[in-house]
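This is what each chain is made of:
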Amino acid sequence: MPETIELRVDGMTCDHCVRAVTGAITGVAGVTDATVDLDAGAATVTGEGVDLAAVLAAITEEGYEAAAQAAS
């Protein structure tokens with residue numbers, strides 16, 4: 001069953017940033033979809049067996065800071 005992970009992403013300033021973060025996330029094994037919102041500084045990741053640490057590392061490698069959002 002697919003899972004959804006909500007992330008806070010800091011450092012994005014333009015559409016290029018959104019594309020870079022989206023590409024980084026979708027390159028992680030298990031990710032089936034990623035939606036990145038520049039205005040909210042957030043990303044939603046969907047997939048099965050997604051390694052959160054790998055997603056965060058991929059975003060960091062692109063030059064942005066990311067952290068999991070607290071569950072509400």
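Residues numbered from 1 in each chain as written. Predicted model: local features only at pLDDT ≥ 70, side-chain atom pairs only at ≥ 80, totals over all residues. Heavy atoms only, no water.

Remarks on the sheet that holds strand S4 (residues 65-68)
- Pairing within the open sheet is antiparallel, and its four strands lie in the order S2-S3-S1-S4. Each having just a single partner strand, strand S2 (31-37) and S4 make up the two edges of the open sheet. With strand direction ignored, the average angle separating the axes of adjacent strands in the sheet is 25°.
- As defined by bridge partners, strand S1 (residues 3-10) adjoins strand S3 (residues 42-47) across six bridges and the pair is classed as antiparallel. Along S3, the bridge assignment pairs Glu6 with Thr44.
- Contacts from helix H1 (residues 15-26) reach S1, S2 and S3, with the element oriented near 160° to S2. (Pairing = 2+ DSSP bridges. Helix = DSSP H or I, 4+ residues; strand = E, 2+ residues; numbered from the N terminus. Axes fitted to C-alpha atoms, helices over the stretch in contact; angles between N-to-C directions. Contact = heavy atoms within 4.5 Å.)

Geometric descriptors of this kind do not, in isolation, establish any biological role.
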